[in-house]
Amino acid sequence: MVEAVQGAKVVVTGAGGGIGAALARRFAAHGARVVVNDLDADGAKAVAEEIGGIALPGDAATTVDEARDALGGTVDIYCANAGVGCDGADIGRPLDERAWSLSWDVNVMAHVRAAHALLPGWLERGSGRFVSTVSAAGLLTMIGAAAYSVTKHGAYAFAEWLSLTYRHRGLKVHAICPQGVRTGMLDASGSAGDLVLRPTAIEPDDVADALFRGIEEDRFLILPHPEVAEYYRARAADPERWLGGMNRIQQQWEATR
Ligand SMILES: NC(=O)c1ccc[n+]([C@@H]2O[C@H](COP(=O)([O-])OP(=O)(O)OC[C@H]3O[C@@H](n4cnc5c(N)ncnc54)[C@H](O)[C@@H]3O)[C@@H](O)[C@H]2O)c1
């Protein structure tokens, strides 16, 4: 049992399946009371029933207050996990304004809105934990996925900002940045996902393992694929070289389409 989690009141968004469901199960297994939120009402209900949690169907961005009420007025750990991968926004296609705005809304603004709702209570009592399921695309960039890459960079920047601004006031923040994870999102990622993500894809449970290690070690950056640290270093150390390497992968992808 992880002490910080035992008895905690937890919200996991997008927990009707995939990574969110794995996180919800793990929190419940460590003795937390979990609100299972998802747009997919059936998924949320099924996971909540399985773990003895509370189902909260609906949009993650508009259910923060309801989630807090369902937990009796306090949230100890908020996992901003719901995300959308809608893309195909590479040049040559018509600009898809709806996909861009949905990506901003779910991948970034839902995190901002939740933090705004929860921070006053967390700062008042001097503790709280915000877990952001970002992506390695938030540190690097995903081939063929402009809106996803840009908004995941935004989610990472927001998590980083929260952490550096409030860590001396008791707020813990974790940013989870996996590459491929075997979920519906990976299945929907098409030929780019097959090329870049699938060969090293891990299970949602591996992501939960990595987060729980990070909670125990009190670490901000959670890398379920440890090799991402090296890619991130290489990108910072020599951006030209890194871009050249990524462009070779882009060309490889184009050759398969
Ligand atoms: N699967 C991967 O390869 C991968 C890699 C890195 C990061 N991620 C991130 O992990 C998170 C979870 O994705 P997943 O892989 O489990 O995908 P998934 O598609 O299995 O799960 C995402 C869940 O979020 C829900 N959802 C979408 N929009 C929502 C909203 N507005 N409000 C509430 N729920 C909403 C969906 O219904 C779905 O159940 C996402 O933020 C994703 O970007 C996934």
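All residue numbers here refer to positions counted from 1 along the written sequence of the relevant chain. Note on the predicted model: pLDDT of at least 70 is required for a residue's local features to be given, and 80 or more for side-chain atom pairs to be given and counted; whole-chain, interface and lining totals, by contrast, use all residues.

Some words on the environment of Thr 256
Thought 1: Strands here are runs of E lasting at least two residues and helices are runs of H or I lasting at least four, both read from the DSSP assignment and numbered beginning at the N terminus. By the element assignment, Thr 256 lies in helix α10 (residues 239-256).
Thought 2: With C-beta atoms placed from the backbone, the exposure class of a residue follows from how many other C-beta atoms lie within 10 Å of its own: 20 or more, buried; 12 or fewer, exposed; in between, partly exposed. According to the C-beta neighbour criterion, Thr 256 is exposed, with 9 such atoms within 10 Å.
Thought 3: Contact criterion: two residues are in contact if their C-beta atoms, reconstructed from the backbone, are within 7 Å. Each residue touching Thr 256, except ones within four places of it in the same chain, is listed here: Ser 191 and Leu 195.

Some words on the pairing of strand β6 (residues 171-176)
Thought 1: Extensive coverage of β6 is indicated by the burial of six of its six residues.
Thought 2: Of the two faces of β6, the one lined by Leu 171, Val 173 and Ala 175 and the one lined by Lys 172, His 174 and Ile 176 are each fully buried.
Thought 3: Two strands qualify as a pair provided DSSP detects at least 2 bridges between them. Relative to β6, strand β5 (residues 128-133) runs parallel, the two being bridged by six bridges. Within β6, the position partnered with Ser 132 by the bridge is Ala 175.
Thought 4: For β6 and strand β7 (residues 221-222), the ladder comprises two bridges, and the chain directions are parallel. Looking at β7, one finds that Ala 175 is bridged to Leu 221.

Overview of the site of the ligand
Thought 1: Proximity of a residue to a molecule or strand is defined by its backbone-placed C-beta atom lying within 6 Å of that partner. Residues in close proximity to the ligand total 30 residues, the closest being Gly 14, Gly 18, Gly 83, Ser 135 and Met 185.
Thought 2: Listing elements by their share of the shell around the ligand, those giving two or more residues are α1 (18-29), β2 (33-38) and α6 (184-187).
Thought 3: For the shell around the ligand, the class distribution of residues is 11 nonpolar, 16 polar and three charged. Think of it as three bins: nonpolar holds Ala, Val, Leu, Ile, Met, Phe, Trp, Tyr, Cys and Pro, charged holds Asp, Glu, Lys and Arg, and polar takes everything else, Gly as well.

Re unusual backbone geometry
When glycine is set aside, most residues are seen to have a negative phi, and most peptide bonds are trans.
Thought 1: Positioned with a positive phi, Asp 218 is a non-glycine residue whose angle comes to about 60°.
Thought 2: With respect to the secondary-structure elements, Asp 218 resides in the loop between α8 (204-217) and β7.
Thought 3: Accessibility expressed as a C-beta count within 10 Å gives 10 for Asp 218, which makes it exposed.

Some remarks on α10
Thought 1: Expected span of a helix, by definition, is 1.5 Å for each gap between consecutive residues, and there is one gap fewer than residues. With 18 residues, α10 extends 26 Å between its outermost C-alpha atoms, agreeing within 8% with the 26 Å of an ideal straight helix rising 1.5 Å per residue.
Thought 2: Counting buried positions along α10 gives zero out of 18 residues, so the element sits mostly on the surface.

Some remarks on helix α4 (residues 97-125)
The periodicity of an α-helix, 3.6 residues per turn, causes residues three or four positions apart to be oriented the same way.
Thought 1: Along its 29 residues, α4 runs 41 Å from first to last C-alpha, staying within 8% of the 42 Å computed at 1.5 Å per residue.
Thought 2: A residue's bend is the angle separating two fitted axes: one through the seven residues that end there, the other through the seven that start there. Its axis deflected by about 45° at Met 109, α4 carries its strongest bend there.
Thought 3: For α4, the complete set of buried residues consists of Ser 103, Val 106, Asn 107, Val 108, Ala 110, His 111, Ala 114, Ala 115, Leu 118 and Trp 122.
Thought 4: Two residues or fewer after α4 comes Gly 126, characterised by a positive phi angle close to 75°.

Let's talk about the pairing of β2
Thought 1: Summarising burial for β2: five of the six residues are buried, a large majority.
Thought 2: Sheet analysis places strand β1 (residues 9-12) next to β2, joined by four bridges and oriented parallel. Note on β2: the bridge partner recorded for Val 11 is Val 35.
Thought 3: Convention used here: a crossover is right-handed provided that the path from the first strand, over the helix, to the second strand proceeds clockwise when the strands point away from the viewer. Where the polypeptide runs from β1 across α1 and back to β2, its parallel neighbour, the crossover connection is right-handed.
Thought 4: As paired elements, β2 and strand β3 (residues 54-57) share four bridges and run parallel to each other.

Things to note about the sheet that holds strand β4 (residues 77-80)
Thought 1: Read across the open sheet, the seven strands follow the order β3-β2-β1-β4-β5-β6-β7; overall the sheet is parallel. One side of each edge strand has no neighbouring strand; the edge strands of this open sheet are β3 and β7.
Thought 2: Axis definition: a line fitted to C-alpha atoms, over the contacting stretch in the case of helices. Angles run 0 to 180 degrees between N-to-C directions. Sheet strands in contact with α1 are β1, β2, β4 and β5, and its direction is about 170° off that of β1.
Thought 3: Of the strands in this sheet, β5, β6 and β7 are in contact with α8, which crosses β6 at around 150°.

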